[in-house]
Structures are given as structure tokens and as C-alpha cells.
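Structure assessment
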Amino acid sequence: MFCYQCEETLNATGCTKNGVCGKNGEVADLQDDLIYLLKSIAFYNSKARSNKLNDAKTDQFILDGLFATVTNTNFSKADIERLIGEGFEIKDGVKKKLISAKVIDEKSGSSFPAWIKEKLLGAGPKADEELPFMAKVTPESLASVNTGILATENEDVRSLRELLTYGLKGMAAYAHHANVLGYKDENVMAFIEKALLATMDDSMGINELVPLVLECGSKGVATLALLDKANTTTYGNPEPTAVNIGVRGNPGILISGHDLRDLEQFLEQTQGTGVDIYTHGEMLPANSYPAFKGYENFVGNYGGSWWKQKEEFEKFNGPIFMTTNCIVPPKESYINRIYTTGVVGFDGVAHIRADKDGNKDFSAIIEQAKKCDSPEQLEEGTIMGGFAHVSALSVADKIVEAVKGGQIKKFVVMAGCDGRHKERIYYTDFAEALPKDTVILTAGCAKYRYNKLDLGDIGGIPRVIDAGQCNDSYSLVVIAQKLAEAFGLDDINDLPISYNIAWYEQKAVLVLLALLSLGVRNITLGPKLPAFVSPNVLNVLVEQFNIRPNATVEEDLKVLL
Ligand code: FS2
Ligand code: SF4
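Residues numbered from 1 in each chain as written. Chains lettered and ligands numbered in written order. Predicted model: local features only at pLDDT ≥ 70, side-chain atom pairs only at ≥ 80, totals over all residues. Heavy atoms only, no water.

1. Considering the confidence of the model for the chain
Test applied: Here pLDDT means the predictor's own confidence in every residue, given as a number from 0 to 100. Contact definition: two residues touch when any of their heavy atoms are within 4.5 Å.
Of the residues in the chain, 93% reach a pLDDT of 70 or more, and the chain-wide mean stands at 93. Low confidence marks residues 120-138, where pLDDT is under 50. Its contacts with residues over four positions away, or in another chain, come to 41 contacts.

2. Overview of helix H8 (residues 260-269)
To keep things clear, this is the line we draw: Partly exposed residues are those whose accessible area sits between 20% and 50% of the maximum for their type, while under 20% is buried and over 50% is exposed, using a 1.4 Å probe and protein chains only. Every helix listed is a DSSP run of H or I at least four residues long, and every strand listed is a run of E at least two residues long, numbered separately from the N terminus. Polar contacts, as counted here, are pairs of nitrogen or oxygen atoms within 3.5 Å of one another; within protein the pair requires one atom able to donate a hydrogen and one able to accept it, and residues that are adjacent in sequence qualify only if both atoms are side-chain atoms.
Of all ten residues in H8, seven are buried, a share of seventy percent or more. Those residues of H8 not exposed but buried are Leu-260, Asp-262, Leu-263, Glu-264, Gln-265, Phe-266 and Leu-267. In this structure Asp-259 caps H8, since a side-chain oxygen of it lies 3.0 Å from the backbone nitrogen of Arg-261.

3. A word on the UniProt feature "binding site: hybrid [4Fe-2O-2S] cluster" (unreviewed entry) in the chain
Filter applied, for reference: UniProt positions are given in the numbering used here, feature names are shortened, and annotations may be inferred rather than shown by experiment.
According to UniProt, the feature "binding site: hybrid [4Fe-2O-2S] cluster" (unreviewed entry) maps to His-258, Glu-282, Cys-326, Cys-417, Cys-445, Cys-470, Glu-505 and Lys-507 in the numbering used here. Maximum C-alpha separation among the annotated residues is 14.5 Å over a sequence range of 250 residues, consistent with a single clustered spot. Ignoring sequence-local partners within four residues, the contact set of Cys-445 consists of Glu-282, Ser-305, Trp-306, Gly-416, Cys-417 and Asp-418. Among the secondary structure elements, Lys-507 is positioned in helix H16 (residues 506-517).

4. Notes on the side chain of Thr-9
Note that Thr-9 resides in the segment before helix H1 (25-50). The class of Thr-9 is buried, set by a relative accessible area of 4%. Not counting residues within four places of it along the chain, the set of residues in contact with Thr-9 comprises Cys-3, Tyr-4, Gly-14, Cys-15, Val-20 and Ala-531.

5. Section: the site of ligand 2
Convention followed: Nearness is judged by heavy atoms alone; a residue qualifies as near a molecule or strand once a single heavy atom is within 4 Å of it. Residues are grouped as follows: Ala, Val, Leu, Ile, Met, Phe, Trp, Tyr, Cys and Pro are nonpolar; Asp, Glu, Lys and Arg are charged; all remaining types, including Gly, are polar.
As a matter of local geometry, ligand 2 sits amid Met-1, Cys-3, Tyr-4, Gln-5, Cys-6, Thr-9, Cys-15, Gly-19, Val-20, Cys-21, Lys-23 and Thr-71. By residue class, the composition of the shell around ligand 2 is seven nonpolar, four polar and one charged.

6. Structural notes on the environment of Val-275
Looking at where Val-275 falls in the secondary structure, it is placed in the loop between H8 and strand S3 (276-279). Overall, the relative accessible area of 1% leaves Val-275 in the buried class. Separated by 94 residues in the primary sequence, Val-275 and Ala-369 have C-alpha atoms spaced 6.9 Å apart. If we skip the residues at most four places from it in the chain, Val-275 touches Pro-251, Gly-252, Ile-253, Thr-270, Asn-297, Ile-366, Ala-369 and Lys-370.

7. Focus: the packing of helix H14 (residues 425-433) against helix H18 (residues 553-560)
What counts, and what does not: Axis geometry follows a simple rule: fit a line to the C-alpha atoms, using only the stretch in contact for helices, then measure angles between N-to-C directions, giving values from 0 to 180 degrees. Here the word oblique covers every angle except those under 35 degrees (roughly parallel), over 145 (roughly antiparallel) and from 65 to 115 (roughly perpendicular). What makes a crossing left-handed is the near helix being turned counterclockwise from the far one by less than a right angle; a clockwise turn instead makes it right-handed.
Orientation of H14 relative to H18, taken along the N-to-C sense of each, is 50°, at an axis distance of 10 Å. By the angle between their axes, H14 is oblique relative to H18. Classified by chirality, the crossing of H18 by H14 is right-handed. Of the residues in H18, those in contact with Tyr-426, Asp-429, Phe-430 and Ala-433 of H14 are Val-553, Asp-556, Leu-557 and Leu-560. Of the residues in the contact of H14 with H18, the class split is six nonpolar, no polar and two charged.

8. Let's talk about the sheet that holds strand S7 (residues 350-352)
As a reminder, the rule being used: Any two strands are treated as partners once DSSP identifies two or more bridges connecting them.
The parallel open sheet is built from six strands, whose spatial order is S4-S3-S2-S5-S6-S7. With partners counted over all chains shown, the strands left at the sheet margins are strand S4 (298-301) and S7, one partner each. Within the sheet, the average angular offset between the axes of one strand and its neighbour, ignoring direction, is 25°. As defined by bridge partners, strand S2 (residues 252-256) adjoins strand S5 (residues 320-322) across three bridges and the pair is classed as parallel. In the strand pairing of S5, Ser-256 is matched with Met-322. Packing of helix H10 (residues 309-316) onto the sheet brings it into contact with S2, S3, S5 and strand S6 (338-341), and relative to S2 it is tilted by some 155°.

In C-alpha cells, the structure reads:
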């Protein structure tokens, strides 16, 4: 195994035996095989798409396959093997369709571009030979090909291929969420296929891959916009909300991850059962949607961000439902009351599947909840949320006035991820050290490092404007663009906004690429720079965008203010 896709990778270089996250070497290798297989599906499906022969099932498979390999999403050997098996079937199905429509000629292999012939077929393709690693529909057949990251020898090409791949994983996660609510974008799917194939193309060097990485960012903006539309059309625009962080005396079910449809179904199915519903981690922003506010048993948010789950899940006492990332390998003490669904998986943990209409039956979980003790209280009070673009911009006049009047000197975007390493205390210290005339704009679980501090407000404008999940990062883009309009600025870099972003996994990589594609410069990134960014690629990012690693609170305050 070799994996360096997240911020907590071993020694800031790469996990080689087992992951720091808990992913074992065998699963990591299988995930590489799955990504490799997706590239082959992308090859056939891009042809199917341009000939209008593509289908929704294949699109869904490509998204789910990528999403399953995002950090802390699927640790299950059985699941990844199943996905690989399904992938071969899907690939064969698409190929057959292309042959019968005479889009490809199986005998001559004439539809393969030259680089695919050379790289994957070797000289002189034989009659029905295609990508050789796909000869058999078994994971074992992949063993003869090095599907790993280090198979790309050139360090800079490897770096850009992986940066692109991680951006695609993030894009797939966001597109998956939009899909669940019935929102799809052909252009996004076509780009994913094009980019997956580009990671196999040896004719593409730094000059060709950098523009593609930025295109990944702009398609990322489109994907986030689509997800925003899906969420707000389905559940309404989030409203400023004081979210309860205490507990009640009833048994409860804790919903984690990012999938709002799962939460909705839980709320519906628990009506009148005496079981309460709480959110954990990235599900916190769901408390601000009008559609969910009417449920009397929707109590509030329990605990902090993803990495605290071992301690907090134990104390919750009731069932826990992981809708998406981030699951941490569960402790024995609660493994019998944690459940996964969708792309999430962990061997030994019960998994709930949807029927063909996307409906899930939670009755067994609700019955289990009734027999459990109520949650142990961790804290009390409220935290503010719900400042997605519509509600944040409803006070745009007030914000513009406060900036013009000098009450607000600066906005600092402190969006992104949280993580378990102690050094992330930096973000708490930074938030506390910010002068009282600054406002934090946030989205993602990074907020848990400072959202329970009493940072006050500026003339009624809260000093932490929380737009929601990392899935809601589009709101930060809209807020910045609308403020630029209000100030009559052509360039968003001229706004009094600086960026101190915390990353952990691949969804944050996509958000970062989205910001770069919009031309945002001078981003401070931490707590560590990605291990997959080579020195030369870093130089490109510094030259084009002036990205810098974070340093100490004092130094960064000087730079960012
Ligand atoms: Fe947190 Fe980061 Fe959950 Fe997002 S670990 S913000 O990309 O997926 O959330
Ligand atoms: Fe290591 Fe991160 Fe990969 Fe897990 S996801 S194996 S911690 S680099």
C-alpha cells in the first residue's frame, strides 16, 4: 500500500503498511484497483456519453466508486471487492452496448487512442484484448498490474495526477449528494471521465495537467452550485438558528455524515415513537433547514467533529447512523449500535440499503433505540448556524455599512476540515486572537475548533458566520461574489477577505481547487501542506496563486490582517 491522500498521512509523507485512519493495507490496495477500474469504465462511458448511449446506473457507479475511496468512508474489504466486481460488470455492459451500436470495433481496436494502445495494450493489440488488467472479473486479476500511486515515476506528474484524482473524489462526493435529491449534471460526469483518463495519459506533463486541475476546480464550483440548488430547493434556505447542544431524557438516535435525505427519513419514521433525533459532526447544519424544524423530536446537535466520535458515541448510549464520511473504526463498546449506509462501510457493522426508490427502512434501529438509555449530556446551551448565502446576504446592507463605517475591518475565511492532531489547537488560538473587528466566515467541520467560543457580534452581525457543511462551501463563494458587487469591485481579491483554510481530506481538496479556479489568491493552508504536492507543483501554486503554509498565530495574524 501507499496512500498520501489526507492531511494525517504518516510522517507527512505516506501510509505504507496500514493507514493512520485505520484503513488496512489490503483495503488500500483494493481501493487503488477500484480507481484503476474506474478509469477503464470512464474510457468506455465517455464514448457512450458522446453517442448518447450512457445510463444513470453507470454515472452513479462512477460517483459511488470514487466516493467510497474518500478518507474515512469505506474500510470494508468485502465492500470494495463487491464494487470491483460490479465495476467489471458495468464496464462489460457499456462495452457491449458500444460494440452493438458499432461505436467501437472490437476486432481492430481502432477506437482506442494511440496512448491507450501503447500504454495499456502494448504493441499490436490483439483481436478482443482491451485494458489487460480487466481480463477477468476478479480482484485477483488486478494483482498483476501495479495500480498504485507510485507506479507513476515522475514526481511532478504523479503529484498532479493525484491532486486531480483527489479533486475528482471530492467532486464525486458532492455530485453524489445532489444525485440523491434528483439533481444531475452531464457536464460534471463528462469532466470526471475526461480527467480520470488524463491520469493515464503519459503525453500529459505539468503544462497540460495544471490547466486540467484548475478545470477540476471550476467544475467543482458547478457541482457545489448544483448541490446548493438540490438542498435548498428540497429543504428550503437555511435560517439563522440557535442550535441546542444539550440533551433530553428520551432515548435517541444520532445521525452523522452529510446526507440530508437520510436525516429526513429518520425524522419521518420516528414520529410518535418516543425516540429523539440528534445530529453529530457535519450533520449539525441540518438543524437550520426550515423543512426539519417542524419535527418536535429533532432535538439538536450532540458533541463535536468527526474525530471525537469514539468518546462521544460511547456516551450517546443509543444507535448511531453514519450516512457518509467520516466514520472512525468503531470501538467494541458501541459496534453493535452503529450503522452504515450508502457508500460507507466497515466490516462487522450493520449496513442499511435503500430500495429502488431510495427509501430506507429504519424500523430495526428505532426498535433498538427504544431499549437504550437516553444520551449522557456532554454540554448545554446553543451554537449559532444557518448563515448560508440567502440568510447571510439578507443582511448584506448591514455588512456593507459596517465595513464602510470601519466596524468590520476584515473577514477571514476559516473553512475546511477538522482533524485529530493536537496542532489544530492553532485554529482555536487563531480565532481567539483575531481582533474584535474581524468576522470569521466558515463552512465544514473546521468550525468545531472555535464555534463554541463566545466571540460575540458586531452590531448584531455574529463574528462567526457559519454557512454549513463543507457541502455548503458554495455559499462562501456567493457571499464573496455578492460583496464584491456591493462594493463595486471587479476582483474578489480586492475585498477585505483573507483565507486561512484547514484541510484534511479530498472534499476539501476540491473546495480548494474551486477557490483557485475563481482566481482567489493568497490562501493560507494548514495545518500541513499536502504530502502529494511535489516541490515543483508547489512552486506553480505559489507563483500563480501565492498559496502559503500556515505558521504561528502571531505571524499569520500579521500576514492575514
Ligand atoms: Fe469535515 Fe472535511 Fe465531512 Fe468535509 S473532514 S469538512 O471535507 O467532509 O466534513
Ligand atoms: Fe493514510 Fe490518510 Fe490514506 Fe488513511 S487516507 S491511509 S491516513 S493517507
